[in-house]
Amino acid sequence: MNNSLRPIDLNLFKVLLSIYNQRNLTHAGKQLAMTQPAVSRALERLNYIFNERLFVRIDGEMRPTRTTEMIAPLLFEGMALLEAAVNMASGFDPKLIATSLKLGLNDYGIAIVLPKLLQRVSQQAPSVFLTTMPATYQDAHELIERSEIDCAIVSSLPPCSRLATDPLFREDYVAVCSNLHPHISDGLTMAQFLAAEHLLVSYKGHLSGWVDERLAEMGNKRRVIGSVHSFNAIPELLCQQPYLCVLPRRLAQHFAKAYPLRINELPLPSENHLFHFIRLNHLTKNPISNWIRDQVIETCQELV
């Protein structure tokens, strides 16, 4: 490293970490409120300081070198420690915070968790603005690593060693149909379940899921006629046609308050998913990140 003991502008490290997350100079500039030429100049200074190229352009993407992969976790942690020190020295008080936080949620989280979470946050920190971004267990970790969101609530843990995770609550599943379904009244038998026309919720457009895996193990198969990418589309579809749909229990109860729907216990063992709060490891040292984590956990403890 050139002149390693001389003063270094810490903002350069913010540029390095933004490029590391975004893999793109223009996107890094937007995140940092800098022009693309300014980001390029900062990267040139970083290359000089470390006496080597920190990123290589491959297929239109800024790929980190081995050195960058080694130092990035240390820089993430170091910047988090500096931010924590500043917050600690100034006395952390949520009522005095003025910031915005991006929380990754799917439509389940928006319906079940967000209303109470927004109320809690607004009461404790009036100048903290919580914004949501669409995220599922399949893409939340990528969005977090690219700094497109700060944290997320997911139904399954993604395979990422850079994430800190906190368990929130468990959720099982039920079968839902219209109160006027011609073949389902009190109770739901396996024969009725297999004979019904099923809708599936799949963010990737799949026509099978864990229910179909369980049925296959039992030597059975249900009639899936289509899938939708949003839970919110299900109530109207169930009210219009004699379909059946397997939904998370809390979401089914939420829909049944507004629509004439019947909730049935499944005639097969239900999955039981453990929801988690996820964020990058280095944010566990950040008071603001820890505060929103606590608000999410306390909100989820109130779920019935």
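It should be emphasised that the depicted structure is a prediction, and the values quoted were computed from it without experimental measurement.

Analysis parameters
Residues numbered from 1 in each chain as written. Predicted model: local features only at pLDDT ≥ 70, side-chain atom pairs only at ≥ 80, totals over all residues. Heavy atoms only, no water. Helix = DSSP H or I, 4+ residues; strand = E, 2+ residues; numbered from the N terminus. Buried < 20%, exposed > 50% of the residue type's maximum accessible area, 1.4 Å probe, protein only. Polar contact = N/O pair within 3.5 Å; in protein donor to acceptor, adjacent residues only side chain to side chain. Contact = heavy atoms within 4.5 Å. Pairing = 2+ DSSP bridges. Axes fitted to C-alpha atoms, helices over the stretch in contact; angles between N-to-C directions.

Chemist: Before we go on, may I ask you to explain the side chain of S178 in this structure?
Modeler: Note on placement: S178 falls in strand β7 (residues 173-178). Relative accessible area serves as the criterion here: at 7%, S178 is assigned to the buried category. One polar contact links the side chain of S178 to the main-chain amide nitrogen of L180, over a distance of 3.0 Å. Look past the residues within four positions of S178 in its chain and what remains in contact with it is L238, C239, P260, L261 and R262.

Chemist: Mind showing me how you'd approach the pairing of strand β3 (residues 99-105) here?
Modeler: It is a general feature of regular strands that their side chains alternate between the two faces of the sheet. Pairing geometry for β3 and strand β4 (residues 128-134), over 7 bridges, is parallel. Bridge pairing in β4 links T99 to V128. Pairing analysis gives 2 bridges linking β3 to strand β5 (residues 151-154), with the strands arranged parallel. By the bridge assignment, G104 is partnered in β5 with A152.

Chemist: Help me understand the sheet that holds β4 in this model?
Modeler: Each strand in a sheet pairs with its neighbour through backbone hydrogen bonds, running either in the same direction (parallel) or in the opposite one (antiparallel). The sheet built from 5 strands is open, its strands ordered β4-β3-β5-β12-β6 with mixed pairing. Each edge of the open sheet carries a strand with a single partner, namely β4 and β6 (163-171). Each strand axis lies, on average, 20° off the axis of its neighbour in the sheet, ignoring direction. Running over the sheet, helix α6 (residues 114-124) touches β3 and β4 and is turned about 160° from β4.

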